[in-house]
Amino acid sequence: MKDKIAENILLLIAFSAILSLLLITFFIFQQGIPLIFKTGLHNFFSISWSPTKGGFGILSMIIGSLMVTAGALVVGIPFGLACAVFLAEFSSPTIQKTLKPIIELLAGIPSVVYGFIGIVILVPFIRETFGGPGFSVLAASIILGIMILPTIVSISYDSLLAVPNTYREGSYALGATKWQTVRMLLLHAARSGIVAGIILGMGRAIGETMAVIMIAGNALKIPGSLLDSVRTLTSTIALELGYAAGDHRAALFACGSILFIIIIILNIVAIRVTGRK
Amino acid sequence: MRRFALLLLILLSCSQRRGGIIIAGSTSVQPFIEKIAEHFMEKYPEIKINVQSGGSTAGIQATFNRTCNIGMSSRDLKMDEQALQTVLIAVDGIAVIVHTENPITNLGLEQVRGIFSGKITNWKELGGNEDVIIPVTREEGSGTRASFEKMIMGEVAISDACLVQDSNGAVREIIATTPQGIGYISVGLVDNREQTVAINGVKPTLAHLVTGQYRFTRPFLLLFLEEPQGDAKKFLDFVLSEEGQNILKSDGLIPAREINVD
Amino acid sequence: MTFRIGPRTSQIIAYILLLVMTSITVIVLFFIIVYIFNHGIGQLSLEFLTDRTREMGKEGGIFPSIIGTLLVTMFAIAVATPLGVGSAVYLVEYTRGGLIRRIISFGADCLAGVPSIIFGLFGFIFFVIKLNLGWSIISGGLTLAVMILPTVIRTAEEAIKAVPHTYREISYSLGGGKLDTIVKVVLPTSLPGILTGIILGIGRAVGETAAVIFTAGSALGIPTSLFSSTRTLAVHFYILAREGISMPKAYGTATVLIIIILAVNFIAYRLMHRFIARYY
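Residues numbered from 1 in each chain as written. Chains lettered and ligands numbered in written order. Predicted model: local features only at pLDDT ≥ 70, side-chain atom pairs only at ≥ 80, totals over all residues. Heavy atoms only, no water.

Caption draft 1: Representation of the packing of helix α2 (residues 16–39) of chain A against helix α4 (residues 98–113) of chain C. At a minimum axis separation of 7 Å, α2(A) and α4(C) run at an interaxial angle of 55°. Viewed along their axes, α2(A) and α4(C) adopt a mutual orientation that is oblique. In terms of crossing hand, the pair formed by α2(A) and α4(C) is left-handed. Each of A:Ala17, A:Ile18, A:Ser20, A:Leu21 and A:Ile24 in α2(A) lies in contact with α4(C), whose residues at this interface are C:Ile103, C:Phe106, C:Gly107, C:Ala108, C:Cys110 and C:Leu111. (Axes fitted to C-alpha atoms, helices over the stretch in contact; angles between N-to-C directions. Helix = DSSP H or I, 4+ residues; strand = E, 2+ residues; numbered from the N terminus. Parallel < 35°, antiparallel > 145°, perpendicular 65-115°, else oblique. Left-handed = near helix turned anticlockwise from the far one by under 90°. Contact = heavy atoms within 4.5 Å.)

This is how it looks when you write it as structure tokens:
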């Protein structure tokens with residue numbers, strides 16, 4: 001009897017995560033989606049954003065988000081993979097035991113701190129070296145790239161370690177060098193984990209807000225070069241939410257809806273990819 | 001775990017909604033009110049004041065739905081917002097600011113429009129150094145932006161190429177650190193890390209604001225849903241008292257007192 | 001004429017390249033912490049930690065923000081712990097695969113990937129406006145609770161899974177019911193692992209900005225009740241740095257923030273390690 005009650009209570013509790021997810025989905029969509037239809041898809045996916053005067057086009061923000069995310073991946077993937085491969089295959093257990101937790105510890109550094117480093121070091125450096133405002137796609141890409149490193153390193157490393165040792169031994173027995181083994185065998189064997197790590201990193205980059213607001217400059221114009229300022233979906237929400245009312249606020253929730261849809265798709269892909277293992 | 005729950009219970013039990021004033025609204029008014037609130041709470045330690053920024057519009061809404069006791073606005077109320085009671089506490093100017101090393105210290109109104117609409121893109125066109133202009137504006141919905149558009153830009157739209165920041169402080173910080181930058185903030189918040197630009201030869205000094213020579217000014221309002229009473233009334237009285245008004249004046253605003261006198 | 005690099009040479013080149021890239025990564029990450037500490041340690045004093053904030057943060061200390069952070073985080077943990085651990089117990093002890101398990105797991109995984117600004121939007125519209133809790137410690141705490149829920153669930157799940165099956169069997173053979181077994185055997189044994197998840201959750205909550213700034217607000221006073229708005233350390237740092245109110249104070253606040261987060265994560269790591277050493 002007692003056990004039965006406990007089981008039912010636990011079942012209820014166990015639905016808290018999925019329930020939260022549904023609540024979030026419901027409220028974000030309820031606030032945002034009606035405006036998308038009111039505006040019309042055609043206008044919503046245009047570049048005219050002047051929400052106080054009835055312009056609700058979010059195309060430049062979508063492009064901005066995609067640009068900084070792509071930039072972050074360009075920085076994050078090579079360095080993240082290099083770290084993972086080096087740690088998993090080329091270093092002694094002592095180094096593994098020290099560096100892995102340190103890199104994971106760094107995943108906890110708040111995003112505002114990364115943004116701050118961007119403001120005080122990276123932005124002035126870019127402005128003085130390459131010109132332009134410094135607040136730029138480049139600055140955002142580099143900082144986001146650094147921010148997603150721990151995610152990529154940690155997941156790729158784990159999936160490299162999960163490759164059975166017999167693979168390595170077989171490859172060495174055939175006379176392959178360590179690097180050949182990594183390149184031709186291990187990276188393929190660990191592919192799904194690595195891809196999942198990259199997708200999760202991508203999700204982190206596209207969803208990051210505070211660091212991006214601080215260093216991207218937030219100009220609405222679609223950037224013509226890496227040195228131009230850029231506006232993302234997330235920064236639009238955080239910049240304007242405080243002041244927004246009526247349709248303007250709804251438009252910010254519409255931005256949130258689009259962001260949410262992108263993130264959920266990325267998550268499902270990542271879950272699928274790892275699930276196949 | 002049990003101790004934890006107990007602690008939470010204690011916290012909950014001493015939680016009440018009363019016994020404090022919540023003030024919310026314009027990010028431009030907030031720093032000044034925050035400062036006055038500090039002085040107020042030294043005098044009346046039993047009254048706790050919470051100051052929230054969030055924007056004029058948010059402040060107006062929050063006053064309507066009683067999320068806050070007092071709203072702050074840096075713009076006049078629109079037609080559909082007129083049900084609120086407003087009290088003018090000060091008048092603020094909007095100053096155009098540039099980096100301290102910028103040789104340009106005077107601009108014509110048309111030149112300012114040209115810069116923010118994206119038609120003028122190099123300081124050289126204005127007689128300055130050969131360098132790009134980096135204009136910084138406020139976000140859509142900001143009261144400061146609305147005032148800037150109304151008073152300075154007129155019919156001309158602000159360019160999409162401008163950097164966008166969401167507070168006076170953030171704009172000021174970029175101008176202070178970017179030699180090519182130009183932006184606009186509340187006169188009261190200008191400090192020595194950047195310099196103001198005269199518009200048509202008139203600098204936004206307190207004297208010029210008071211005499212009306214500097215035309216680009218806006219009201220700072222406190223908003224109430226009904227006739228202020230109790231703690232809210234005490235706070236309003238303090239803001240309008242000599243002490244409160246002097247705090248505003250020392251920060252570069254024209255206190256309401258001095259306007260009412262004319 | 002083609003020039004081919006032999007396998008030995010490419011091995012050496014690859015090794016050097018990987019070494020350099022790994023070093024750069026580690027150096028960059030270290031540099032960030034050292035840079036902040038270097039500028040911020042000098043700011044730390046008892047006064048800085050215990051004084052109230054004056055002149056918008058230009059003067060005074062960060063005491064209100066420390067209290068605010070503590071309250072918001074504790075509230076979040078108090079809500080997320082029972083939900084997270086309960087979910088994990090159900091997942092491990094009551095489901096054997098099946099649809100329910102898949103749904104619950106999917107929920108936790110998806111929630112884990114939701115960016116903090118979405119939590120901020122949700123908390124703002126749901127807790128602050130719809131439930132009329134206002135910008136408050138409660139709104140912020142509830143929002144953070146939802147955010148850290150997946151971390152608590154996942155870590156607790158792993159910890160409970162790691163409890164050897166024989167433990168449960170012994171309990172059953174002694175006549176213990178399922179609930180007794182869970183409460184008296186499984187949970188105590190997996191406690192260090194469960195704690196790890198909670199501590200990781202604390203780390204995330206303390207460092208969060210976007211989700212709290214729209215739910216707990218940014219008021220500077222010392223909170224007087226759970227309905228007070230408050231400005232957490234991360235939000236205070238964000239405002240100080242972004243608006244250039246005071247760079248020395250910003251560095252000082254960042255240093256405190258990083259010390260807390262590193263300490264919290266370090267404790268979680270040690271706990272996890274001891275736990276793993278015991279059961280794997």
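Alright, that's what it looks like, and here's the rest.
Caption draft 2: Highlighting the packing of aromatic side chains. A full pass over the atoms with the stated rule returns 24 aromatic pairs over all chains. Between C:Phe31 and C:Tyr35 the ring centres are 5.5 Å apart and the planes differ by 40°, which places this aromatic pair in the tilted class. Separated by four residues within a single helix, C:Phe31 and C:Tyr35 lie in helix α1 (residues 7–40), roughly one turn from each other. Assessed through its relative accessible area of 40%, C:Phe31 is described here as partly exposed. Taken together through their ring pairs, the aromatic side chains of A:Phe26, A:Phe27, C:Phe122, C:Phe126 and C:Phe127 make up a single cluster. Its guanidinium or amino end placed over the ring of A:Phe90, A:Lys178 lies 5.8 Å from that ring's centre, counting from NZ or CZ. (Phe/Tyr/Trp six-rings, centres within 6.5 Å; stacked < 30°, edge-to-face > 60°. Buried < 20%, exposed > 50% of the residue type's maximum accessible area, 1.4 Å probe, protein only. Lys NZ or Arg CZ within 6 Å of the ring centre and 35° of its normal.)

Caption draft 3: Highlighting the interface of chain B and chain A. Taken together, the contact pairs 27 residues of chain B with 26 residues of chain A. When chain B packs against chain A, the two sides together hide about 2,000 Å² of surface, and 54% of this comes from carbon and sulfur. Here chain B is connected to chain A by one salt bridge. Ionic pairing is found between B:Glu149 and A:Lys53, a salt bridge with its closest N-O pair at 3.7 Å. Put simply, chain B and chain A have eight residue pairs in polar contact (both at pLDDT 80 or more) between them. Counting only elements with at least two residues in the side of chain B that touches chain A, the list comes to α3 (56–64), β6 (134–138), α5 (143–153), β7 (163–165) and α6 (168–177) of chain B. For the side of chain B that touches chain A, the leading source of residues is α3(B), giving four residues. (Buried area = accessible area lost by both parts, 1.4 Å probe. Salt bridge = Lys/Arg side-chain N within 4 Å of Asp/Glu carboxyl O. Polar contact = N/O pair within 3.5 Å; in protein donor to acceptor, adjacent residues only side chain to side chain.)

Caption draft 4: Highlighting the domain arrangement of chain C. Residue and element names in this part refer to chain C. The domains assigned to chain C are domain 1 (11–42) and domain 2 (44–279). Spacing between the C-alpha centres of domain 1 and domain 2 amounts to 29 Å. In this complex, domain 1 contributes eight residues to the contact, which on the side of domain 2 involves eight residues. Together, the buried faces of domain 1 and domain 2 total about 740 Å²; carbon and sulfur atoms form 76% of this surface. (Domains from an automatic or database assignment.)

Caption draft 5: A look at a nonpolar patch on the surface. Taken together, C:Ile12, C:Tyr15, C:Ile16, C:Leu19, C:Val20 and C:Ile24 make up a surface patch of nonpolar side chains, about 490 Å² in accessible area. Mapped onto the secondary structure, C:Ile12 falls in helix α1. (Patch = residues over 30% accessible without salt bridge, like charges linked within 9 Å, V, L, I, M, F, W, Y side chains within 5 Å. Areas by Shrake-Rupley, 256 points an atom, 1.4 Å probe, with all protein chains shown as cover.)

Caption draft 6: Highlighting the pattern of salt bridges. Within this structure, the stated rule accounts for 32 salt bridges over all chains. Between A:Glu89 and A:Arg168 there is a salt bridge, with its nearest N and O atoms 2.7 Å apart. Of the two residues, A:Glu89 is situated in helix α4 (residues 59–89) and A:Arg168 in helix α8 (residues 165–173); the sequence distance between them amounts to 79 residues. As far as the burial class goes, A:Glu89 and A:Arg168 line up, both buried. Salt-bridge contacts for B:Glu130 lead to B:Lys124; the nearest nitrogen and oxygen are separated by 3.4 Å.

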